[in-house]
Amino acid sequence: MSTIKIAIDGPAGAGKSTIAKAAAKALGYVYIDTGAMYRAVALKVTRQRINTQDTQQVCALLDELDITIKYKDGTQVILLDGKNVTQDIRLPEISKGASEVAAISEVRMKLVEIQRKLATKNNIIMDGRDIGTYVLPDANLKIFLTASIEERAIRRYNEMIEKGSSCSLDEIKHDIILRDEKDRNREFAPLKVAEDAIVIDTTGNDLEKSIDKIINIIKEM
Ligand code: CDP
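Residues numbered from 1 in each chain as written. Predicted model: local features only at pLDDT ≥ 70, side-chain atom pairs only at ≥ 80, totals over all residues. Heavy atoms only, no water.

Undergrad: Now, about the sheet that holds strand 4 (residues 75-80): what can you tell me, with residues and values included?
TA: Read across the sheet, three strands follow the order 3-4-5 without closing on themselves; strand pairing throughout is antiparallel. With partners counted over all chains shown, the strands left at the sheet margins are strand 3 (67-72) and strand 5 (83-84), one partner each. Summarising the sheet, strand 3 and strand 4 pair through six bridges and their orientation is antiparallel. Bridge pairing links K70 to V77 in strand 4. Contacts between helix 2 (residues 34-47) and the sheet are confined to strand 3 and strand 4, with strand 4 contributing the most and set at about 30 degrees to the helix. (Pairing = 2+ DSSP bridges. Helix = DSSP H or I, 4+ residues; strand = E, 2+ residues; numbered from the N terminus. Contact = heavy atoms within 4.5 Å. Axes fitted to C-alpha atoms, helices over the stretch in contact; angles between N-to-C directions.)

Undergrad: Any details on the site of the ligand? Residues and values, ideally.
TA: Lining the immediate environment of the ligand, one finds 20 residues, of which R39, R108, R156, R179 and D183 sit closest. R39 has a polar side-chain atom sitting 2.5 Å from an oxygen atom of the ligand. Contact distances for the ligand include 2.9 Å between an oxygen atom and a side-chain N or O atom of R186. The fraction of the free accessible surface of the ligand (530 Å²) that becomes covered by protein chains is 97%. Looking at the shell around the ligand, the elements with two or more residues in it are helix 2, helix 4 (92-101) and helix 8 (169-185). (Near = heavy atom within 4 Å. Polar contact = N/O pair within 3.5 Å; in protein donor to acceptor, adjacent residues only side chain to side chain. Areas by Shrake-Rupley, 256 points an atom, 1.4 Å probe, with all protein chains shown as cover.)

Undergrad: Give a description of the side chain of R129 that names residues and reports values.
TA: By the secondary structure assignment, R129 is in the loop between strand 6 (124-128) and helix 6 (131-135). A polar contact is formed between the side chain of R129 and the backbone oxygen of G10, at a distance of 3.5 Å. At 3.4 Å, the side chain of R129 forms a polar contact with the side chain of D183. Ignoring anything within four residues of it in the chain, the contact list for R129 reads D9, G10, P11, A12, K16, R179, D183, R186, P190, L191 and K192.

Undergrad: Account for the packing of helix 7 (residues 149-162) against helix 8, naming residues and giving values.
TA: Contact geometry for helix 7 and helix 8: axes closest at 9 Å, N-to-C directions at 120 degrees. Classified by the angle their axes make, helix 7 and helix 8 are oblique. Crossing handedness for the pair helix 7 and helix 8: right-handed. Between helix 7 and helix 8, the residues in contact are I149, E150, R152, A153, I154, R156, Y157 and M160 and L169, I172, K173, I176, I177, R179 and D180, respectively. Among the residues making up the contact of helix 7 with helix 8, the classes are represented as nine nonpolar, no polar and six charged. (Parallel < 35°, antiparallel > 145°, perpendicular 65-115°, else oblique. Left-handed = near helix turned anticlockwise from the far one by under 90°. Nonpolar A, V, L, I, M, F, W, Y, C, P; charged D, E, K, R; others polar.)

Undergrad: An account of the packing of aromatic side chains is requested, with residue identities and associated values reported.
TA: Tallied over the full model, the rule gives one aromatic pair. Seen in terms of ring centroids, Y134 and F188 are 5.2 Å apart; in terms of plane orientation they differ by 65 degrees. Their pairing is edge-to-face. Highlighted residues: Y134 in helix 6 and F188 in the loop between helix 8 and strand 8 (198-201), separated in sequence by 54 residues. Exposure remark for Y134: the relative accessible area of 26% places this residue in the partly exposed category. Over the ring of Y134 we find R116, and its NZ or CZ is 5.1 Å from the ring centre. (Phe/Tyr/Trp six-rings, centres within 6.5 Å; stacked < 30°, edge-to-face > 60°. Buried < 20%, exposed > 50% of the residue type's maximum accessible area, 1.4 Å probe, protein only. Lys NZ or Arg CZ within 6 Å of the ring centre and 35° of its normal.)

Undergrad: Could you give an account of the environment of C59, with specific residues and numbers?
TA: On the secondary structure map, C59 appears in helix 3 (residues 55-60). Accessibility expressed as a relative area gives 21% for C59, which makes it partly exposed. Beyond its immediate stretch of four places on either side in the chain, C59 contacts I104 and E106.

Undergrad: I'd like a description of the sheet that holds strand 1 (residues 5-9), backed by residues and values.
TA: Strand order in the open sheet formed by five strands is 2-6-1-7-8, with parallel pairing between adjacent strands. Only two strands of the sheet have a single neighbouring strand rather than two, namely strand 2 (30-33) and strand 8. Strand after strand, the sheet turns through a mean of 20 degrees between neighbouring axes, direction not considered. Bridge analysis of strand 1 against strand 6 gives five bridges, and the strand direction is parallel. Opposite D9, over in strand 6, you have G128 as the bridge partner.

Structure, rendered in structure tokens:
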């Protein structure tokens, strides 16, 4: 029997992961965060002191890349070489590195294979940049979530402050603008709205309202 696949794409800080996670929990779907996989590759590359833009050296690591996705109390846990790196991959320098390794087509092919396999096992909500356009073109529902750059930067800033990191709003806004630009302009599977996606702009909406809206869209599907 085929599984139900819901794709949620959009730029950084649009609220994809928070909304997708909450909707998956409410509906009994498995949530798959594909950004975490690109982040894990960036973490591995950075730990080996390799430049995340060095295609040849990054590709040389791919054969031995060991990324596993597990679920603990319904939350995605990502293991890199058998170790839990769920927290480590959230550092700002890893966000930038993730966007750089994500521009390498060999990296994408490797991760897309894992993502497609995961989507065959359960009913899933998968979030990322290319889920509706490339990873799951036959998804039952495609949503493209967006919000103004100001609001996305403030949301990300608040998340970082909550976690106890010190950062400036301007710096975060600048990082998000650069990363979005890189994600939109890469050659292979760039960030863009799928032709058959529903676009939802969450600017000015509180989180609960956005979560309810998406749960309702999924229920009506
Ligand atoms: O949480 P945030 O939206 O800031 O980023 P993320 O979803 O964790 O993704 C980090 C980076 O991975 C993005 O900036 C993209 O460059 C890359 N990515 C991608 O290229 N394709 C995906 N399906 C998911 C993430």
